[in-house]
Structure formats: C-alpha cells, structure tokens
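# Summary of the model geometry
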Amino acid sequence: MTDRLSSLMARGTAFLGSETAIICGAMSWVSERHLVSAVSNAGGFGLIACGAMTPELLDTEIAATKAMTDKPFGVNLITMHPQLFDLIAVCARHSVTHIVLAGGLPPKGSIEAIKASGAKVICFAPALSLAKKLHRSGVDALVIEGMEAGGHIGPVATSVLAQEILPVMASELPVFVAGGIGHGEAIAAYLDMGAAGVQLGTRFACASESIAHANFKKAFFRASARDAIASVQIDSRLPVIPVRALRNAGTDAFTAKQREVAQLLDDGKVDMGEAQLQIEHYWAGALRRAVIDGDIENGSLMAGQSVGMVTKEEPVAEIITTLMAEARAALTRRVG
C-alpha cells in the first residue's frame, strides 16, 4: 500500500523516473559525476552542473556519470552559454532524459531543440507571469526557487512564490519547489500545497560523495543561516543576478569586479553580453577556488540559508532517508 508521501510525490517521481521526487540542485564544481550518480543511485534525481564547461568537457562528464549509475539524471545548462546549442546536441547524443535551463529566459529555438531529442525541459520561474509564459512555450516542468537559495537568486521568498504559483500552475504541469529547504517538514508542506517535488542544493553540498574540499565543507558546518548573504548590485546599468554565499573576502572582491566591469562598459571596451559573461566567469573561477582548492577566504562559498541545518558530512543515501522520514512524520502528524 502506498503511503501519503509516496502518493503526493507520485507525479514528480513519474516525471523524473526516480524513486523520490527530490532533485539535487546543480552546483558548479560540486554537482559532477560523483555526487550526481550518488544522488540518483540513492533514489533522488541528480543534475550535472554544466556551468561554463565546453561541449567536450560536458561530453566526458555525462559519459563518466553514466558509467557510475544506470538511474535517470539530468543536465543543467546556463542559457547565456555561448555554445548552448552545441551543449544541447551533446546531451542529445547521450540520450539525456531531462535538461534544466537556468540563468534567464530560454533563447529562441532552445526548447524546441531539446524536445526534438526526446528530452524533457525544466525551467526556473521566479514569477507567476513567467511561469505562464514558459508553460505556453512548451516547457515540461517548472522549478520555483526562492531567494533563500544558494548561488544565483531571485528577489522573492520561497513561501511567497509557492503561494502565488502552485494554486495556479500545479494543475497544468509538475512544479518543483526550491530555496531554503533543509528539513523534511518543509518538503511535506510544499507537497501538500500541490508541488510535484522539491529541489535541494545546500543540504547535499557536504555529502560524503561530494568532491568539495574539506575546508569548504567545514565552512558550511560552522555557518548559520545569517552568514549566507546576497551579493549587492553596485551599478544599475549592469544587471547582475545576486548570488547568495557565505561572507568572506571573496564577497568584497566581487564588488570590486563589478566596478571593473562597469568601467569597461562605460569606456565602450565591452558590450553588455560580454560584461555579463565576465561576471559569470568570475563566479566560476571563485567557486573553483573554494570548492576544489579549498581557498575559503578568497573563493566563493555559495550556500543557501538552509546552511545552518548542514552540520556534518554524511552519505547522500542517509540525507535522503532522513528527509523522507521527516516528511512522512510531518504528514502523519497533520492527519492525526
């Protein structure tokens, strides 16, 4: 007999092809073959973070992940990547089943190119109007991610987005909720509101299978929710999506980088597209310094506000088991 949690997750698990409707959000440098395969093998849904990878690198990463799991997993692509269509072609060659388009509105033809390969398209909807527009564009599922999340964030809290979008869109297509989720109780609440499942990143960043440097993980264990702060935009002409990360010297360095790029824009040395790419490349480099090299002072420690709930290194399977048990207990209490 299926219990209430399984019933509430049924739409999400059917869509993803996984045992639980828990997606591990794509985190650059962290969400690679080891973490992705571990999440999928444990019944969740792993996502490779393509980030700034070249098509050749993504090709290698997908092949390596397939060698470590026979369960479904997806690939997260950044819409402003200059080789987006080449990356989509790489995913198609590997018969990747789900592609997440992140970082802005999907460019013309990208949704069609993905669907032509037979893959499902998932997009982020930071507002109800955009959710409706994406649905009309033919996307197969949405992720609504609140500002509590780590990495690139929107301006609205998860609970507000859920109240605004789920009652309208959940009947139309699967909607996954993300941002600030660290406990099963929150998963139960969003499923009860009509979500098909959830996406968590920060909770998985320090899993045993995560290749993140020991220094990076220790910084997470020490941090509380208030330490994960959003970056400040210093020039209104340079529309930089805010990034949530643990405060350190790297946070200040980003402010200086924005000034530098704004000056280049002023001097006519770069156009807006190039300016935004420079900012993206800055983050990719700063993240690598923290995640891979362990430089937690100058690197970027992207973390969501749920970081205070990350207190120890544990296997992915244990994290998923704990979240599911907490969600089940919460649903049982509600019925009782």
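Residues numbered from 1 in each chain as written. Predicted model: local features only at pLDDT ≥ 70, side-chain atom pairs only at ≥ 80, totals over all residues. Heavy atoms only, no water.

The sheet built from 3 strands is open, its strands ordered 7-11-10 with antiparallel pairing. On the outer flanks of this sheet lie strand 7 (151–152) and strand 10 (228–230), each paired with one strand and no other. Note that strand 10 and strand 11 (residues 243–246) share 3 bridges and pair antiparallel. Residue Ile-229 lies in a different strand from strand 11, and its bridge partner there is Ala-245. (Pairing = 2+ DSSP bridges. Helix = DSSP H or I, 4+ residues; strand = E, 2+ residues; numbered from the N terminus.)

What follows deals with the packing of helix 3 (residues 55–68) against helix 4 (residues 84–93). Axis separation between helix 3 and helix 4 bottoms out at 9 Å; the angle between their running directions is 25°. Taken together, the axes of helix 3 and helix 4 lie roughly parallel to each other. Considering the relative orientation of helix 3 and helix 4, their crossing is right-handed. The segment helix 3 lies against helix 4, with Pro-55, Leu-58, Asp-59 and Ile-62 engaging Asp-86, Leu-87, Val-90, Cys-91 and Arg-93. Taken together, the residues of the contact of helix 3 with helix 4 break down into 6 nonpolar, no polar and 3 charged. (Axes fitted to C-alpha atoms, helices over the stretch in contact; angles between N-to-C directions. Parallel < 35°, antiparallel > 145°, perpendicular 65-115°, else oblique. Left-handed = near helix turned anticlockwise from the far one by under 90°. Contact = heavy atoms within 4.5 Å. Nonpolar A, V, L, I, M, F, W, Y, C, P; charged D, E, K, R; others polar.)

Glancing now at empty space enclosed by the protein. The rolling of a water-molecule-sized probe over the atoms marks out the regions of remaining empty space. Scanning all chains against the criterion turns up 1 cavity of 30 Å³ or more. Its volume calculated, the largest cavity comes out at about 90 Å³. For the largest cavity, the lining is made up of 15 residues, of which Ala-245, Gly-250, Thr-251, Trp-283 and Ser-300 are closest to its centre. Elements represented by at least two residues in the lining of the largest cavity include exactly strand 10, strand 11, helix 11 (249–266) and helix 12 (272–291). Residue classes in the lining of the largest cavity are distributed as 8 nonpolar, 7 polar and no charged. (1 Å grid on protein atoms, 1.4 Å probe; cavity = no way out; pocket = protein on both sides within 12 Å on 5 of 7 lines; lining within 4 Å. Points joined across faces, edges and corners; volume = space filled by probe spheres on them.)

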